[in-house]
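# Structure assessment
The lines below spell out each chain.
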Amino acid sequence: MGGTETQETQPRLSPKSSASTGSTVAEIGPPSAAARVLHHVRTPRRPRFIVELALVALSYWVYSLIRNAVPNRESLAMERAWQLLDFEKTLHIDIEYSINHAVNDVTWLIVGMNYYYATLHFVVTIGVLVWLFRWHPGRYSAVRTVLFVTTALALFGYFFYALAPPRLLPGAGYIDTVLVHETWGSMASGDMKNVSNQFAAMPSMHIGWSTWCAVAIWKFARPLWVRVLGVLYPVMTLIVIMATGNHFILDAVGGWVTLAAGFKIQRLVCARSAYKFPRYTPDDPRSEEYAAPAAEEAPGPGVPDPQREPAGVSSPSP
């Protein structure tokens, strides 16, 4: 009997059959490397600032490097742009030309849009990342993963479907608003065209990133006016990318499809939607699951702990 007890307490059991029941005891071993990685990804943990800063910087550097290393296929990119434009005309959605010329007639507006196109997709995206990091640390990693996966998928589009933007189509009549108004607003105009891939138009990451921002803001922001501004952001971005002659409307559709794929892959990896993660990690004092260290004096009966968030109540979020 003693030998049997010793055998049953071992952490690793060998497969064996029971004579009386015929059942088999499966061998229990350490989890595989893949299982450990999945467990790590699926477990909410507090992000570390230095690690996230380095990860975001490295990811964007790799993205830019690969995006600009795609072989120059100008003739093919032009041919595809004409095909795409003909397809839009068949669907009666070729609105880029009208928007491009109408906005170009209002100098202050188009100059503002040039700078919008050049800067806001960086500023707003980074701002949303910082906001999530500070106010929603439990959700940050999963939501950030959607952004990273979407951006990585876009690289396949740039490599396999080189496409010229409307402003580069010869004879099509589109206006390169950056050149006309002599503003800094496009990585593919002026001197910057020599260091940037001019034919990485499909999918539009201006749309992909702005919609990612909008979803996060709509899901997590509290003030209604902030949520409304978040929803309007990709709508305004859609107008800007067409007014500046940088994208067809179908490039925007490509951006939305790519983002949807990013959400799907993140859900498969994490086993739940990025927006189903808890707001705070269990080790965060703001979490209702937080257990204070034993050395700290617990509050008396009936006295709420100021570091813990009551069930069903969230801290104010900007």
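Structure's up top.
Here goes a summary of the coordinates provided. Note that the structure is a prediction, hence the values are computed from the model and not measured. (Residues numbered from 1 in each chain as written. Predicted model: local features only at pLDDT ≥ 70, side-chain atom pairs only at ≥ 80, totals over all residues. Heavy atoms only, no water.)

All right, on to a positive patch on the surface then. Residues Lys-219, Lys-264, Arg-267 and Lys-276 make up a contiguous surface patch of positive charge. Following the sequence through the fold, Arg-267 ends up in helix H11 (residues 249-270). (Patch = residues over 30% accessible without salt bridge, like charges linked within 9 Å, V, L, I, M, F, W, Y side chains within 5 Å. Areas by Shrake-Rupley, 256 points an atom, 1.4 Å probe, with all protein chains shown as cover. Salt bridge = Lys/Arg side-chain N within 4 Å of Asp/Glu carboxyl O. Lys, Arg positive; Asp, Glu negative; His and termini not counted. Charge placed at Lys NZ, Arg CZ, Asp CG, Glu CD. Helix = DSSP H or I, 4+ residues; strand = E, 2+ residues; numbered from the N terminus.)

A separate point is the packing of aromatic side chains. Note on aromatic pairs: each is described by the distance of the centres and the angle between the planes. Taken as a whole, this structure holds 14 aromatic pairs when the rule is applied. Centroid distance Tyr-97 to Tyr-174: 5.7 Å. Interplanar angle 70°. Geometry classified as edge-to-face. Remark: Tyr-174 occurs in the loop between helix H7 (137-160) and helix H8 (177-181) and Tyr-97 occurs in helix H5 (residues 96-104); sequence separation between them is 77 residues. The exposure class of Tyr-97 is partly exposed, given its relative accessible area of 37%. Within the aromatic cluster, the residues linked to one another by ring pairs are Tyr-60, Tyr-63, Phe-122, Tyr-158 and Trp-209. Positioned above the aromatic ring of Phe-159 is the side chain of Arg-73, whose terminal nitrogen or guanidinium carbon lies 5.5 Å from the ring centre. Residue placement shows Arg-134 over the ring face of Trp-135; its charged tip is 4.9 Å from the ring centre. (Phe/Tyr/Trp six-rings, centres within 6.5 Å; stacked < 30°, edge-to-face > 60°. Buried < 20%, exposed > 50% of the residue type's maximum accessible area, 1.4 Å probe, protein only. Lys NZ or Arg CZ within 6 Å of the ring centre and 35° of its normal.)

This brings us to the nonpolar core. The biggest cluster of nonpolar side chains holds 58 residues, and the ones touching the most others in it are Val-128, Leu-132 and Trp-212. Mapped onto this core, the elements with two or more residues apiece are helix H4 (74-91), helix H6 (107-135), H7, helix H9 (205-220), helix H10 (224-243) and H11. If we skip the residues at most four places from it in the chain, Val-128 touches Trp-212, Cys-213, Ala-216 and Ile-217. (Core = buried A, V, L, I, M, F, W, Y, C linked by side-chain atoms within 4.5 Å. Contact = heavy atoms within 4.5 Å.)

Moving on, we get to the packing of H7 against H11. Axes are the key here: two packed helices are described by the angle between their axes and the distance separating the axes. Packing of H7 against H11 brings their axes to within 8 Å, and their N-to-C directions diverge by 130°. The orientation of H7 with respect to H11, classified from their angle, is oblique. Like other packed secondary-structure pairs, H7 and H11 cross with a definite hand, here right-handed. Within the contact between the two elements, H7 uses Ala-142, Thr-145, Val-146, Val-149, Thr-150, Leu-153 and Ala-154 and H11 uses Thr-258, Leu-259, Ala-261, Gly-262, Phe-263, Ile-265 and Gln-266. Of the residues in the contact of H7 with H11, the class split is 9 nonpolar, 5 polar and no charged. (Axes fitted to C-alpha atoms, helices over the stretch in contact; angles between N-to-C directions. Parallel < 35°, antiparallel > 145°, perpendicular 65-115°, else oblique. Left-handed = near helix turned anticlockwise from the far one by under 90°. Nonpolar A, V, L, I, M, F, W, Y, C, P; charged D, E, K, R; others polar.)

It is worth spelling out the environment of Ala-77 at this point. For Ala-77, the position within the fold is in helix H4. The class of Ala-77 is buried, set by a relative accessible area of 0%. Placed 91 residues apart in sequence, Ala-77 and Leu-168 show a C-alpha to C-alpha distance of 10.0 Å.

Now for the side chain of Asn-197. Following the sequence through the fold, Asn-197 ends up in the loop between H8 and H9. At a separation of 3.0 Å, a polar atom in the side chain of Asn-197 contacts the main-chain amide nitrogen of Phe-199. When neighbours within four sequence positions are excluded, Asn-197 is seen to be in contact with Arg-67, Asn-68 and Val-70. (Polar contact = N/O pair within 3.5 Å; in protein donor to acceptor, adjacent residues only side chain to side chain.)

Right, let's talk about unusual backbone geometry for a bit. Residue Pro-203 is reached from Met-202 by a cis peptide bond, and omega for that bond is 0°. By the element assignment, Pro-203 lies in the loop between H8 and H9. Located in the positive-phi region is His-92, a residue other than glycine, with phi close to 60°. By the element assignment, His-92 lies in the loop between H4 and H5. Among the residues examined, His-92 registers a relative accessible area of 68% and is labelled exposed. The backbone phi angle of Ala-271 is positive, close to 70°, even though this residue is not glycine. We classify Ala-271 as exposed; its relative accessible area is 52%.

It is worth spelling out the pattern of salt bridges at this point. A full pass over the atoms with the stated rule returns 2 salt bridges. Its salt-bridge partner being Glu-52, residue Arg-144 comes within 2.9 Å of it at the nearest N-O pair. Residue Arg-144 is found in helix H7, and its partner Glu-52 is found in helix H3 (residues 49-69); the two are separated by 92 residues along the sequence. Side by side, Arg-144 and Glu-52 carry an identical accessibility label, which is buried. For Arg-167, the salt bridge goes to Asp-176, with nearest N and O atoms at 3.2 Å. Accessibility classification places Arg-167 together with Asp-176 in one group, the buried group.

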